[in-house]
Each structure stands twice: as structure tokens, then as C-alpha cells.
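Each chain is listed here by its residues.
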Amino acid sequence: MEKTDQMKKIRSLFLTFLRIGAFTFGGGYAMIPLIEQETVERTHWIEHEDVLDIIAIAESTPGVIAINTATFVGYKVAGFWGSVAATLGVTIPSLVIICLISLFFEQFVALKWVSYAFAGIRAGVIALILGAAVKLSKYTKRNALNISLLVIAFVLSALFGINAILLILGGLVFGLIWFGLLKKNEKEAAK
Amino acid sequence: MSHLLLLFVTFFKIGLFTIGGGYAMIPLIREEVIGRGWLSAQSLTDFIAVSESTPGPFAVNIATFVGFDTAGLAGALCSTLGVILPSFLIILFVAKFFLTFSKNRWVQAAMGGIRPVVLGLIVGAAYSIASGILVIGSYSGFASLLSIVDWKAVIICVVCCVMQFKFKVKAIPLIGSAAAMGLLLYGVAPLIGW
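Residues numbered from 1 in each chain as written. Chains lettered and ligands numbered in written order. Predicted model: local features only at pLDDT ≥ 70, side-chain atom pairs only at ≥ 80, totals over all residues. Heavy atoms only, no water.

### Things to note about the overall build of chain B
Working step 1: Looking only at helices and strands, one finds eight helices and zero strands in chain B.
Working step 2: Against the globule reference of 16 Å for 194 residues, chain B gives a C-alpha radius of gyration of 21 Å, more extended than a compact globule.
Working step 3: Along the longest, intermediate and shortest principal axes, the C-alpha atoms of chain B span 55 × 50 × 35 Å.
Working step 4: Put simply, chain B has 194 residues, and 49% of those count as buried.
Working step 5: Within chain B, contacts between residues at least 6 apart in sequence are counted, and of these 47% link residues at least 24 apart.
Working step 6: Approximately 8900 Å² of chain B is accessible, and the part contributed by carbon and sulfur atoms is 73%.
Working step 7: Taken together, the 11 basic and 6 acidic charged side chains of chain B have centroids lying 22 Å from each other. (Helix = DSSP H or I, 4+ residues; strand = E, 2+ residues; numbered from the N terminus. Rg over C-alpha atoms; globule rule 2.2 N^0.38 Å. Buried < 20%, exposed > 50% of the residue type's maximum accessible area, 1.4 Å probe, protein only. Contact = heavy atoms within 4.5 Å. Areas by Shrake-Rupley, 256 points an atom, 1.4 Å probe, with all protein chains shown as cover. Lys, Arg positive; Asp, Glu negative; His and termini not counted. Charge placed at Lys NZ, Arg CZ, Asp CG, Glu CD.)

### Points about the packing of helix α2 (residues 32–42) of chain A against helix α6 (residues 112–137) of chain A
All names here are of chain A.
Working step 1: The N-to-C vectors of α2 and α6 enclose an angle of 50°; their axes lie 8 Å apart at closest approach. Classified by the interaxial angle, the pair formed by α2 and α6 is oblique. The residues of α6 that touch α2, namely those facing Ile-32, Pro-33, Glu-36, Gln-37 and Glu-41, are Leu-128, Ile-129, Ala-132, Lys-135 and Leu-136.
Working step 2: A breakdown of the residues in the contact of α2 with α6 according to their chemical character gives six nonpolar, one polar and three charged. (Axes fitted to C-alpha atoms, helices over the stretch in contact; angles between N-to-C directions. Parallel < 35°, antiparallel > 145°, perpendicular 65-115°, else oblique. Nonpolar A, V, L, I, M, F, W, Y, C, P; charged D, E, K, R; others polar.)

### Things to note about the layout of surface pockets
Working step 1: The volume enclosed by the second largest pocket comes to roughly 320 Å³.
Working step 2: Around the second largest pocket, the lining is made up of 16 residues, and of these Ile-57 and Leu-172 of chain A together with Phe-98, Met-111 and Ile-114 of chain B lie nearest the centre.
Working step 3: For the lining of the second largest pocket, the elements supplying multiple residues, two or more each, are α3 (48–60) and α8 (164–181) of chain A together with α4 (58–101) and α5 (105–133) of chain B.
Working step 4: When grouped by side-chain class, the residues that make up the lining of the second largest pocket number 14 nonpolar, two polar and no charged. (1 Å grid on protein atoms, 1.4 Å probe; cavity = no way out; pocket = protein on both sides within 12 Å on 5 of 7 lines; lining within 4 Å. Points joined across faces, edges and corners; volume = space filled by probe spheres on them.)

### Points about the state of the cysteines
Working step 1: Tallied over the entire structure, the rule returns zero disulfides over all chains.
Working step 2: There is no disulfide at Cys-99 of chain A, and the cysteine sulfur nearest it, in Cys-78 of chain B, is 12 Å away. (Disulfide = S-S within 2.5 Å.)

### Looking at the packing of aromatic side chains
Working step 1: All told, the structure shown has nine aromatic pairs over all chains when counted by the stated rule.
Working step 2: Relative to Trp-178 of chain A, the ring of Phe-174 of chain A has its centre 5.5 Å away and its plane inclined at 15°; by these criteria the two rings are stacked. With Phe-174 of chain A and Trp-178 of chain A both in helix α8 and four residues apart, this pair spans about one turn of that helix.
Working step 3: When its relative accessible area of 27% is taken as the criterion, Trp-178 of chain A is described as partly exposed.
Working step 4: One aromatic cluster is present, formed by Phe-80 and Trp-81 of chain A together with Phe-88 of chain B through successive ring pairs.
Working step 5: The aromatic ring of Trp-106 of chain B is capped on one face by Arg-105 of chain B, whose charged end is 4.8 Å from the ring centroid. (Phe/Tyr/Trp six-rings, centres within 6.5 Å; stacked < 30°, edge-to-face > 60°. Lys NZ or Arg CZ within 6 Å of the ring centre and 35° of its normal.)

### Comments concerning the confidence of the model for chain A
Fine structural detail should not be taken from predicted coordinates in areas where pLDDT scores are low.
Working step 1: Across chain A, the average pLDDT comes to 86, with 93% of residues at or above 70.
Working step 2: Mean pLDDT across the secondary structure elements of chain A bottoms out at helix α9 (residues 186–190) of chain A, with 49, and peaks at helix α7 (residues 144–159) of chain A, with 93. (pLDDT = per-residue confidence, 0-100.)

Pasting the structure below:
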């Protein structure tokens, strides 16, 4: 019984990440809204809070963010074979589509209408990423401290181009000192 | 070294040394791929543009493209496997560690500081994409405001926001609608003289 349950989860992980791979346009962050909808809201495999942790880990470890995220979610849901299923799932759409495009590369570059559709998609992706941020923010306490950290990270990354890993490291050191050493409201740290 | 093995090793290296994903990897890819004569600078630039018009992670796309272009399907499989393997192995290790210690007081304290920062980074990503797409010229006084903004993109973005926040439209249908609006505004509208 448990074994078939595990198989079901693995198959479902593969199919879900296949869909995520096929509909992620514009890299890592564009994947977040799909991850939210597919793995938190639809299947309840992980919690909203986990999404932020996973992004932090995917962003600050070497490798392709989309693959990092898939491997992590797969592992959390169904162990080693879950991570294999999710990683293969997210990779296969790219592999198939790019092989097809390579065959007709010059014609594809010249296809004006494809570029029009994708200009539209890129504008839509902005809305999607904003939506993911709004959703995720509901699971972080709205106190002065968190809001200041958010604004500082936004300004430093978007306006000053400071590396994301440095900022995550900064958050880590701050968290360790503020919540760990000074033991300021530990409950808050847990949320 | 056979070409297939070289593809695998090269993209393994690219996967391993890319932190922060996607476009952060372009300089390294340029060096390796153009340096080895696998791709001309022009095809790489063309491909980056094409990659923006195809789904999937950029790193996987470019790996598959170079592999397929130089050695067919076997090449595509080798280079793609190469680029995803470092991520896979490292995250497997990290996930095991993180899930074991995630309830630890110090891990919780660190995550308490990291989560708001990650939220800021996500908003930052939306901002960077928006400033690259919605703004197409440089600011030169208040009067230039009208001409430096890509109003069609702004319209699509606003409509998508309304669909999402007000009508709770899900991501995949939203992407479909955005594509349709792109075709309509950039393709059909000029034809009928807008």
C-alpha cells in the first residue's frame, strides 16, 4: 500500500514538473508562481513558508535555479526518486523543444509572430512574479523589522545591483545575531 | 577526449560554477562555447534571444542547443545531463542536511533573517524585468516619458495584474492570455494601422 502511494507521488511529481518546465518563461524567478500553484495550492506537498526557504537555498547554491528548486521539492516530497522525477520532469520540455528548434533554427529566428507572442508573455510574467511575491508575503509577519529587511534587499538588489547571494548571506548573519544571539522574540523567527 | 565526453565535462563545469542562475552564466558560456569554436558569437546572441522565446531554464536550453548543434541527439543528452548534474547532486546533499536541521533553533534564527530578504529579491526580480521590458528608451525630461515607455507592454502587464489579482486567473491560462495579447498588440494592431 505504502509502496503504491510512493509510486503515485513520484509519477505525480514528474508530471507536475513537466508542466512547470513547459510553462516557465524567463528563468528562475518566473518559476515561483507555478511552483506556488502546483506544489503548494494544488497538491499541498509543501507549505507556503517552505517556498521562501527553497528559493533561498536554490539561489545561494551553485547550479541552475530551476533545477535546484525541482530537486529540492522532489526530495522533500518523495526522497531520492522524487528528486530524480522532478528534475527530469523540469528538464524534458526544454530538451525536446530546443532539439526541435535547432533543426529549424534560422527559420525560427525569422518567425516574427513567435516573437510577438513572447513579447506579450514577458510582460505577463511581471504580473505573475508580483503575484507570487504578494502571496508569499502573507506568510511572513508584517512587522517593521521584516518590512525593513524586504525594502533594503529590494533596493540593494534592484537599484544597486548587489549580488543576491551576498544579500541572502547578510540576512543569514542578521538572523543569527538578532533572533539567535539576542534571542529577540523567537516566535517571530519561527514564522 | 571524445566530443561527447567533452560536452558533458564542459557543461558540468558551467553548471557547477554558476551561482545565481540563468543569465549569470552567460560570460562563462561565452568563454567555453565560443572559445572551443562550438558556436559563433552571432549564433550565441541569436540563441539568447530565441531562449527568451522558449520555455525552460536558460542554462538547460543553451546546453541542449550546443549539444544538438555539434553532435545531434546524443550531444544534446550529454550536455544537458552535464549542466543539471551539479545542481542535482549538491541540492540532494543540502536538502538532506536542511530537512534534518530545519527545526534547529539556529537554523530557524537564520531563516528568520533570510525570508524577508528573499521576498525583497523576488520583488527586485519583477522590477528588473519590468524596467527592461516596459521602458525602451532613456529618460530625457518629463516630455520624453510618453515615448520611452512601451505602452503595449504596459497594457498587457496591467491587464494580467487585473486578471490575476481581481479574477484569480491561474498562471498557465494567464501566460496563454499574455501571448494572445502580444500577438494582437504587436502583430495585428500595426496591420490595421494602429
